[in-house]
Number of protein chains: 2
Amino acid sequence: MRLSRYFLPTLKENPAEAQIVSHRLMLRAGLVRQSAAGIYSWLPLGLAVLKNIEQIIREEQNRAGAVELLMPTIQSADLWRESNRYDDYGKEMLRITDRHDRELLFGPTNEELVTDIFRSAIKSYKDLPLNLYHIQWKFRDEIRPRFGVMRGREFLMKDAYSFDIDKEGARQAYNKMFIAYLRTFACMGLKAIPMAADTGPIGGDMSHEFIVLAETGESEVFCHRDLVAMDPPGADVDYEADLQPMIDDRTRLYAATDELHDEKQFLQIPEADRLTARGIEVGHIFYFGTKYSKAMNAVVTGADGKDVPVEMGSYGIGVSRLVGGIIEASHDDDGIIWPDSVAPFAVGLINLKTGDAETDQACESVYARLTARGVSVLYDDTQERAGAKFSQMDLIGLPWQLIVGPRGLKAGVVELKRRQSGEREEMSIDAAINKLAG
Amino acid sequence: MRLSRYFLPTLKENPAEAQIVSHRLMLRAGLVRQSAAGIYSWLPLGLAVLKNIEQIIREEQNRAGAVELLMPTIQSADLWRESNRYDDYGKEMLRITDRHDRELLFGPTNEELVTDIFRSAIKSYKDLPLNLYHIQWKFRDEIRPRFGVMRGREFLMKDAYSFDIDKEGARQAYNKMFIAYLRTFACMGLKAIPMAADTGPIGGDMSHEFIVLAETGESEVFCHRDLVAMDPPGADVDYEADLQPMIDDRTRLYAATDELHDEKQFLQIPEADRLTARGIEVGHIFYFGTKYSKAMNAVVTGADGKDVPVEMGSYGIGVSRLVGGIIEASHDDDGIIWPDSVAPFAVGLINLKTGDAETDQACESVYARLTARGVSVLYDDTQERAGAKFSQMDLIGLPWQLIVGPRGLKAGVVELKRRQSGEREEMSIDAAINKLAG
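Keep in mind it's a predicted model, so treat the numbers as computed, not measured.

It is not clear to me how the side chain of D116(A) should be interpreted in this structure. Could you clarify?
Among the secondary structure elements, D116(A) is positioned in helix α5 (residues 111-121). Of the polar contacts made by the side chain of D116(A), one reaches the side chain of R119(A); its length is 2.9 Å. Excluding residues within four positions of it along the chain, D116(A) makes contact with L79(A), M296(A) and R33(B).

Help me understand the pairing of strand β8 (residues 154-164) of chain B in this model?
Residue and element names in this part refer to chain B. For β8, the buried fraction is high: 11 of the 11 residues fall into the buried class. Burial along β8 is two-sided: the face carrying E154, L156, K158, A160, S162 and D164 and the face carrying F155, M157, D159, Y161 and F163 are both buried. As judged from the eight bridges shared by β8 and strand β16 (residues 311-318), these two strands associate in the antiparallel manner. For S162, the partnering residue across the bridge sits in β16 and is G313.

When you look at the packing of aromatic side chains in this model, what are you seeing that I'm missing?
How two aromatic rings sit relative to each other is given by the distance of their centres and the angle of their planes. All told, the structure shown has 27 aromatic pairs over all chains when counted by the stated rule. Here a set of aromatic residues connected by ring pairs shows up, and it is made of F106(A), F139(A), F106(B) and F139(B). Stacked on the ring of W400(A), the Lys or Arg R418(A) has its end atom at 4.6 Å from the ring centre.

Honestly, the sheet that holds strand β19 (residues 347-351) of chain A in this entry has me stumped. Any pointers?
Either a parallel or an antiparallel arrangement is found when strands of a sheet pair, and the pairing is made through backbone hydrogen bonds. All names here are of chain A. Reading across from one edge, β20-β19-β21-β22-β23 is the order of the five strands in this open sheet, with mixed pairing throughout. The sheet terminates laterally at β20 (377-380) and β23 (424-427), the two strands that pair on one side only. Averaged over neighbouring strand pairs, the angle between their axes works out to 20° when direction is ignored. With four bridges joining them, β19 and β20 adopt parallel strand pairing. By the bridge assignment, L349 is partnered in β20 with Y379. Against the sheet, helix α12 (residues 357-372) contacts β19, β20 and β21 (400-404), and its axis sits at roughly 170° relative to β20.

Can you walk me through the interface of chain A and chain B in this structure?
Interface size is commonly expressed as the accessible surface area that is lost when the partners come together. With 54 residues of chain A at the interface, the matching set in chain B holds 54 residues. Buried surface at the junction of chain A and chain B, summed over both partners, amounts to about 4,600 Å²; 63% is from carbon and sulfur atoms. On the chain A side of the contact with chain B, F7(A), L70(A) and R99(A) bury the most area, a combined 16% of that side's loss. Along the contact surface separating chain A from chain B lie four salt bridges. A salt bridge links R153(A) to D98(B); the nearest nitrogen and oxygen atoms lie 2.8 Å apart. Our count for the contact surface shared by chain A and chain B stands at 16 residue pairs in polar contact (both at pLDDT 80 or more). Split into classes, the residues belonging to the side of chain A that touches chain B amount to 30 nonpolar, eight polar and 16 charged.

Explain unusual backbone geometry here, please?
Glycine aside, negative phi is the norm for most residues, and most peptide bonds take the trans geometry. Going from L128(A) to P129(A), the amide bond is cis rather than trans, its omega being 0°. In this model, N84(B) sits at a positive phi of 65°, which is unusual for a non-glycine residue. By the secondary structure assignment, N84(B) is in the loop between α3 (77-82) and α4 (85-88). Even without glycine at this site, D101(B) takes up a positive phi of about 60°. Locating D101(B) in the fold gives a position in the loop between β5 (94-97) and β6 (103-106). On the basis of relative accessibility, which here comes to 62%, the residue D101(B) falls in the exposed class.

Help me understand the pattern of salt bridges in this model?
If charged atoms from side chains of opposite charge come close, those side chains can pair. Across all of its chains, the model carries 58 salt bridges over all chains by this definition. The shortest N-O distance in the salt bridge between E60(A) and R63(A) comes to 3.1 Å. Linking E60(A) with R63(A), this pair stays in helix α2 (residues 44-63), spanning three residues, or about one helical turn. Ionic contacts of the salt-bridge type, sharing partners, join the residues R33(A), E82(B), D116(B) and R119(B) into one network.

Please clarify how helix α15 (residues 429-437) of chain A should be interpreted in this entry.
Since the α-helix advances by 3.6 residues per turn, residues separated by three or four positions end up pointing in the same direction. Residues and elements named next belong to chain A. Residues of α15 that are buried: A432, I433 and L436. The arc that holds every buried residue of α15, seen down its axis, measures 95°, which confines them to one face. The secondary structure elements touched by the buried residues of α15 are β19, α12, β21, β22 (414-418) and β23.

Sorry, what's going on with the domain arrangement of chain A here?
All names here are of chain A. By domain assignment, chain A separates into domain 1 (3-336) and domain 2 (347-437). Here the C-alpha centroids of domain 1 and domain 2 sit 38 Å apart. Contact with domain 1, which involves 14 residues of that partner, is made by 11 residues of domain 2. Interface area, domain 1 with domain 2, both sides summed: about 1,100 Å², of which 58% is carbon and sulfur. Taken as a group, L3, D334 and I336 account for 46% of the area that domain 1 buries against domain 2, more than any other trio of residues on that side. The tally of links from domain 1 across to domain 2 stands at one salt bridge. D332 is the partner of R419 in a salt bridge, and the nearest nitrogen-oxygen pair spans 2.8 Å. At the boundary of domain 1 and domain 2, one finds seven residue pairs in polar contact (both at pLDDT 80 or more).

It is not clear to me how the relation of the copies chain A and chain B should be interpreted in this structure. Could you clarify?
The operation relating the two chain copies consists of a rotation about an axis and a shift along that axis. For these two chains of identical sequence, chain A goes onto chain B by a turn of 180° and a shift of 0.0 Å along the axis, with RMSD 0.0 Å. Interpreted geometrically, this transformation is the action of a two-fold axis. Residues of chain A ranked by C-alpha distance from the rotation axis are headed by I96(A), positioned 2.9 Å from it. Both copies present the same face, since 100% of the interface residues in chain A are matched by interface residues at the equivalent positions in chain B.

Quick notes on the rules
- Residues numbered from 1 in each chain as written.
- Chains lettered and ligands numbered in written order.
- Predicted model: local features only at pLDDT ≥ 70, side-chain atom pairs only at ≥ 80, totals over all residues.
- Heavy atoms only, no water.
- Helix = DSSP H or I, 4+ residues; strand = E, 2+ residues; numbered from the N terminus.
- Polar contact = N/O pair within 3.5 Å; in protein donor to acceptor, adjacent residues only side chain to side chain.
- Contact = heavy atoms within 4.5 Å.
- Buried < 20%, exposed > 50% of the residue type's maximum accessible area, 1.4 Å probe, protein only.
- Pairing = 2+ DSSP bridges.
- Phe/Tyr/Trp six-rings, centres within 6.5 Å; stacked < 30°, edge-to-face > 60°.
- Lys NZ or Arg CZ within 6 Å of the ring centre and 35° of its normal.
- Axes fitted to C-alpha atoms, helices over the stretch in contact; angles between N-to-C directions.
- Buried area = accessible area lost by both parts, 1.4 Å probe.
- Salt bridge = Lys/Arg side-chain N within 4 Å of Asp/Glu carboxyl O.
- Nonpolar A, V, L, I, M, F, W, Y, C, P; charged D, E, K, R; others polar.
- Arc of directions from axis to C-beta.
- Domains from an automatic or database assignment.
- Least-squares fit on C-alpha atoms with pLDDT ≥ 70 in both.

Set out below in structure tokens:
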């Protein structure tokens, strides 16, 4: 993409309304623009990141056997009356009345709707296990939306719902998502620690939050250092095997958010192994058994011919929140540092002297060759001065910068800079292309 | 994907509520499920088609130089007051009040919001031309939603908005989208005819609808037969060149929907060239100049240093509606016939005797080999009898069926069926794989 034909409205000044670093950088780097309190437009660069995150989540959900569908944003109030949550949910639910005075709502979560889809289609244990997920915009009418996309009102979420004939199956479904989540966050360059959690308005018997460690995180967390050192499950994990030992490895060590923190227990860890850090919640999984299936009469016939309410769990990842979360975990004073897997472009190509025939030609050639080899490039072909181009490229945080100017070209070299380390290296154009496309 | 692990709730009976063939087939083939009047959940097979359509649209928009962003579904009423459309829009607009009694709405279209984004960022003619598009769910509170996704309330739309310094630029922007639309629909296997149109609630000076021909289409259309015979623009179309001659070629011949039909003019066409047919509107483009930019003070500084309101157009494609439109244009008594480019899977692999070791093994091998070569396969590994498998595969309309049974395997052959023509051919497994992966 040529910057001259792109839409990248970066800001030179820090916006006054942004209290946390991810919010500040998302506005400054032209990722989002607020259109109403807690409601954002995703500008092209922000959307590219959002889509990369979405795709990583999708691949890991599919790998774990979950099946994607897409439920609508608007739901009927009647469904929520069946589960008795319509009145319970409170003012966070955006309630809507249509032209025929029917009560609707903008879905804050989808347990009711997915249970309705399930009960209309599945009648036998033979069709289980089943895990249905979708990635859809949701709305929670936060009383005080703040921190940009970290606590917005309209937000993108991946929510999965598992259906099993018995508790044992439901446990396996829960474990699959547990492992898939560890993999998902690791693929984004994040260190996520599972922590036992309250079940809140979803309800249920068992629940874990996934907390990403970030110096500027929203809340304090406490855990054993070994949890941080532990490798994520590999891509070859067998989701049909018994996953319980892997789960046990990751839940027997102490880990707690400040809400559930037990200082006494924490102090039993040897001091050198105690970690107090800051974190951001990016995922939450729940096992709630028959809470919704009983209320909504979602039953399946078992092998013994008897009808039983289906055992359920739900599994959420804050997709849009992750964009902020990744920035909190990966930035410096100059701007964002995108992990390669989610970066909106892999390379920022900087033309140091747009208008100079030789430099333009070299840049065009590099741009074409990289693009042909499948490398995504943002080519700064604008008339801005070099200093402004450097600052903007650092601000938007693409993993690599390839700097092409007349002086280097005379010596037969271009400069390659790694955003994360700041390391710079001069090399021939061919060497740079091979390194980036390798 | 193994059917035994998928979620494909097909129906044996025709649903009573479906009046048109696409609605009937979408429900029967398990593509969608209605969750409230005019509001649908997209089941896995339907979502796969929707995503393929979306991707074709995205590629052609990008090719034409449009830049993707994503605006939220919920908008502030205040923006619509600036353009004076808040009161004008009527009851089709879903109006919402939040917990702080602020007036919001679920966006039925985005002229105001995109103009607001534009005016906050772009100040100079040097940053033009610009065309911003997004693919997002919209809501129109139809008084009588019907015909499934063809006239639903929550629907997916691609809407693009062009910004230019003058009328000439705006004309070029309009022409680019005109050409991109012809290509887009052709890529989906559709024959789309551009027809002059009323501008309706969007307003403006020039407008074309794109009408897909389908025997069961919603409305009557009239045009010169040469328009139908005309080839779509190639992938090598130069969007920077003057596109007017290509547009003129496609607009000088008579073409009109029944709303704007002029029988006198139509009768001037030689009788053999007159075509009266049925069609479905799938796209609509508008040039409306400064209607919104003036009202919302979206000005840019020209080369002469003077501020002028920016010239705008908007360009819509009904993404979810196209799923129905394609079915209307491509089906038979047995079910849907997906064009290859939008098919949810390329191949349906039918195991004629699940449980028979040799047949299972052959199917597993074919499934693995096709998948490894990038062919998407839905593998019917269920215990259903052969007849039921055949009907279901015809119903869901995958372009190819690969039928594997014990008798054929003994003779060293499998059967390959083309859904569209019904042609069947016996061949070796290797030959079938090479044909499908070729």
